[in-house]
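# Examining the three-dimensional arrangement
This is what each chain is made of:
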Amino acid sequence: MEKKTIDLLVHNIGSLVTMQGKSAARTGSEMSNIGAIEQGAVALRDGKIVAVGREEAVLDEIKELTVTAKLDAEGKLVTPGLVDPHTHLVHGGSREHELDLKLKGVSYLEILEQGGGILSTVKATREASEEQLYTKAKSSLDTMLLYGATTVEAKSGYGLTLEDELKQLRVTKELNQHHPVDLVSTFMGAHAVPSEYKEHPMVYVDLVIEDMLPEVKRQGLAEYCDVFCEHGVFTVEQSRKILNAAKELGFGIKIHADEIEPMGGAQLAGELGCVSAEHLLAATDEGLSAMQQAGVVAVCLPATSFNLRLKDHARARTMIEMGVPVALSTDYNPGSSPTESLQLVMTLGCLNLGMTPEEVLTALTINAAHAIGKSETIGSLEIGKQADLVIYNASNLAYLPYHFGINHVNTVIKNGQVVVENGTLVY
Ligand code: NIG
Ligand code: FE
């Protein structure tokens, strides 16, 4: 320890969930090993963790050092900062008018086919100024932080022209620079075929490949590329073409796969070596097995299947049994999942996907970090990792999904700084 100080000592932690242990994405029974410690403490310096474990041991380890500040956790539960690995954060407008259609039984794909759904958000996003998009996304990001998220992935895909996609991606970049939550940017020009290319989808696919991907790369505006591979949106063949082009340019790749119909998107994720495949409600055993072999993280989105009133949900139990690493996410977007709350996702992960609270937390920390390629720096409380921690108004993990629909977060520490205190933003 080169410097003789501790910036912050969080002590008197009743239950400290560290997620220590395995650095690879967790599968099967490993998803239940959450590295929980009773009466714990965490010592931080320069935004990083320098000691973590049982309070006695931590105090002993740092006894020679000057502790600049202390935070008494009052016996509460502490976990690593939550990671939301799949959101459509930056967009214009909202779609509460779809609720009525949904209640009348009109399906998500029918609404899209009629030029609504994603395409109505495309219209609102194109019409919005960069400032308007920034203000709206910042407000959502604040909510995410208040609910415990410290790192969030953000996709474009509501511009669908080069300029409008770049506009969304610039907002993500600005927010990343000015907001305490870290953002991971994904280009999703292949989110829908825009109305002007309805009769010529291949021309749009070529536009994504030839114009958009190289320019996004040149400007360094995204780390990942994602495609909505779905009946009536992009075919498996088109998705393969786009993702291969992205891979060649050096993007990491992701895919919205087999959400509504079993298209073979999960197989494609395995074939191409996607870092993650999302939704997967209709993924077949064959598709899941291809993902398992290639180590693709399954990002399940239970708030989406809940909000779309689908009878079925992603088969998380089968995935866990088959050895596919499972992550969870809000899928925050104005259509299929208008919620920023990862705590709601915890409840739905338990009640609708059949996951245990331990599996759910693994899915929202270390496995979510893997789904966005950030497991070296976040997702667990270990020496040298970013000091991202959440303190809850609860004494045990099961209480979070059990007492649902409210916010349990008391304090959030992001990169060593207290950014939420008593449930209020203080950054
Ligand atoms: O992940 N499935 C495709 N894209 C989003 C929904 C976007 C929207 O409806 O605006 C999703 O659910
Ligand atoms: Fe999505």
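From a predicted model like this one, the values you see are computed outputs, not experimental measurements.

### Overview of the overall build of the protein
Of the regular secondary structure elements, the protein holds 16 helices and 19 strands. For 427 residues, the compact-globule estimate of 2.2 N^0.38 gives 22 Å, and the protein sits close to it at 21 Å. The dimensions of the protein, computed from C-alpha atoms along their principal axes, are 70 × 45 × 45 Å. Taking all 427 residues of the protein together, 59% fall into the buried category. Contacts spanning at least 24 positions in sequence make up 72% of the contacts within the protein whose residues lie at least 6 apart. Across the protein, the 35 positively charged side chains and the 56 negatively charged ones have centroids separated by 2 Å.

### What to know about the coordination of the iron ion (ligand 2)
The protein atoms that coordinate the iron ion (ligand 2) are H86 (NE2), H88 (NE2), H256 (NE2) and D331 (OD), at distances spanning 2.0 to 2.5 Å. Site description for the iron ion (ligand 2): donor spacing in sequence, H-x1-H-x167-H-x74-D. When its relative accessible area of 2% is taken as the criterion, H88 is described as buried.

### Here's the deal with the pairing of strand 2 (residues 8–17)
Counting buried positions along strand 2 yields nine of ten residues, so the element is predominantly enclosed. Of the pairings in the sheet, the one linking strand 2 to strand 3 (residues 36–45) comprises seven bridges and is antiparallel in character. Directly across from L8, in strand 3, lies its bridge partner L44. Here strand 2 pairs with strand 6 (residues 70–72) via three bridges, running parallel. Residue H11 lies in a different strand from strand 6, and its bridge partner there is D72.

### Regarding the sheet that holds strand 12 (residues 252–257)
Within the open sheet, the eight strands sit side by side as 8-9-10-11-12-13-14-15. Their pairing is parallel. Single-partner strands in this sheet number two, and they are strand 8 (82–84) and strand 15 (326–328). Direction aside, neighbouring strands of the sheet carry axes that sit 25° apart on average. Sheet strands in contact with helix 14 (residues 357–364) are strand 8 and strand 15, and its direction is about 80° off that of strand 15.

### Side note on helix 6 (residues 162–178)
Between the first and last C-alpha of helix 6 there are 24 Å, a value that for 17 residues agrees with the 24 Å anticipated at 1.5 Å per step. Buried within helix 6 are the following residues: D164, E165, L166, K167, Q168, L169, V171, T172 and L175. Elements that come into contact with the buried residues of helix 6 comprise helix 4 (118–127), helix 5 (130–146), strand 9 (149–155), strand 10 (182–190) and helix 7 (201–218).

### As for the packing of helix 13 (residues 342–351) against helix 14
Relative orientation of the contacting elements helix 13 and helix 14 amounts to 135°, with a least axis distance of 9 Å. Between helix 13 and helix 14, the crossing angle belongs to the class labelled oblique. Judged by the sense of rotation from one axis to the other, the crossing of helix 13 with helix 14 is right-handed. Across the interface between the two elements, L342, M346, G349 and C350 from helix 13 touch P357, V360, L361 and L364 from helix 14. Residue classes in the contact of helix 13 with helix 14 are distributed as seven nonpolar, one polar and no charged.

### What to know about the side chain of D258
Within the element layout of this structure, D258 appears in the loop between strand 12 and helix 9 (265–272). Put simply, D258 is tucked away with no salt bridge, and the nearest opposite charge, on R315, sits 8.8 Å away. A polar contact of 2.8 Å, which involves the side chain of D258, links it to the backbone nitrogen of M263. At a separation of 3.0 Å, a polar atom in the side chain of D258 contacts the main-chain amide nitrogen of G265.

### Here we look at the nonpolar core
In terms of nonpolar packing, the biggest core is built from 106 residues, with L89, I242, M291 and M355 touching the most fellow members. Among the elements that line this core, the one with the most residues is helix 7, at seven residues. The residues that make up this core include at least three from each of domain 1 (5–81 + 379–425) and domain 2 (83–371). Every residue in contact with L89, bar those within four places of it in the chain, is listed here: A137, S140, L141, M144, A154, K155, L175, L183 and Y332. In this structure, I37, A73, V78 and I391 belong to the second largest nonpolar core, which totals 17 residues.

### As for the site of ligand 1
Taken together, 15 residues sit near ligand 1, with R95, Y108, Y158, D331 and S336 positioned nearest. R95 places a polar side-chain atom, nitrogen or oxygen, 2.8 Å from an oxygen atom of ligand 1. Y158 is positioned with one of its side-chain polar atoms (N or O) 2.6 Å from an oxygen atom of ligand 1. Its residues assigned to classes, the shell around ligand 1 shows four nonpolar, eight polar and three charged.

### Topic: the domain arrangement of the protein
Entries for the protein in the domain assignment read domain 1 (5–81 + 379–425) and domain 2 (83–371). Computed over C-alpha atoms only, the centres of domain 1 and domain 2 are separated by 29 Å. Taking both partners together, domain 1 and domain 2 bury about 2800 Å²; carbon and sulfur atoms supply 69% of that area. Seen at the junction of domain 1 and domain 2, the total is one salt bridge.

Reading guide: rules and limits
What you see as residue numbers is a count from 1 along each chain, following the sequence as written. For this description, chains carry letters from A and ligands carry numbers from 1, given in the order in which they are written. Restriction of local features to residues with pLDDT of at least 70 applies here, the model being predicted, together with a cutoff of 80 or more for giving and counting side-chain atom pairs; totals for whole chains, interfaces and linings are based on all residues. For the side-chain quantities, the full set of heavy atoms in the structure was used; hydrogens and water were omitted. Helix numbers and strand numbers start at the N terminus; a helix is a DSSP run of H or I with at least 4 residues, a strand a run of E with at least 2. What the globule rule says is 2.2 Å times the number of residues to the power 0.38, and the radius of gyration is computed from C-alpha atoms. Whether a residue is buried, partly exposed or exposed follows from its accessible area with a 1.4 Å probe, protein chains only, as a fraction of its type maximum: under 20%, in between, or over 50%, in that order. Whether two residues are in contact is decided by their heavy atoms, any of which lying within 4.5 Å being enough. Counted as positive: Lys and Arg. Counted as negative: Asp and Glu, with His and the chain ends omitted from the count. All charge positions are set by atom: Lys at NZ, Arg at CZ, Asp at CG, Glu at CD. Donor selection uses N, O and S atoms within 2.8 Å of the metal (3.2 Å for Na, K and Ca). Since no water is included, sites may look incomplete. DSSP bridges decide pairing: two strands pair if at least two such bridges lie between them. The axes used here are C-alpha line fits, helices contributing only the stretch in contact, and every angle between their N-to-C directions lies in the interval 0 to 180 degrees. Helix span, as expected, comes to 1.5 Å for every residue beyond the first. Each angle receives one of four descriptions, namely roughly parallel if under 35 degrees, roughly antiparallel if over 145, roughly perpendicular if within 65 to 115, and oblique otherwise. Should the near helix be turned counterclockwise from the far one by less than a right angle, the crossing is left-handed, whereas a clockwise turn marks it as right-handed. Note on residue categories: nonpolar means Ala, Val, Leu, Ile, Met, Phe, Trp, Tyr, Cys or Pro, charged means Asp, Glu, Lys or Arg, and polar means any other residue, Gly included. Between Lys or Arg on one side and Asp or Glu on the other, a salt bridge is scored when a side-chain nitrogen of the former is within 4 Å of a carboxyl oxygen of the latter. In protein, a polar contact requires one atom able to donate a hydrogen and another able to accept it; more generally it is a pair of N or O atoms within 3.5 Å, and residues adjacent in sequence count only if both atoms are side-chain atoms. Only buried residues count toward a nonpolar core, which is a set of Ala, Val, Leu, Ile, Met, Phe, Trp, Tyr and Cys residues joined through side-chain atoms within 4.5 Å. These domain boundaries are the output of an automatic or database domain assignment. When at least one non-hydrogen atom of a residue lies within 4 Å of a molecule or strand, that residue is treated as near it. The term buried area means the drop in 1.4 Å probe accessible area that two parts suffer when joined, counted for both and summed.

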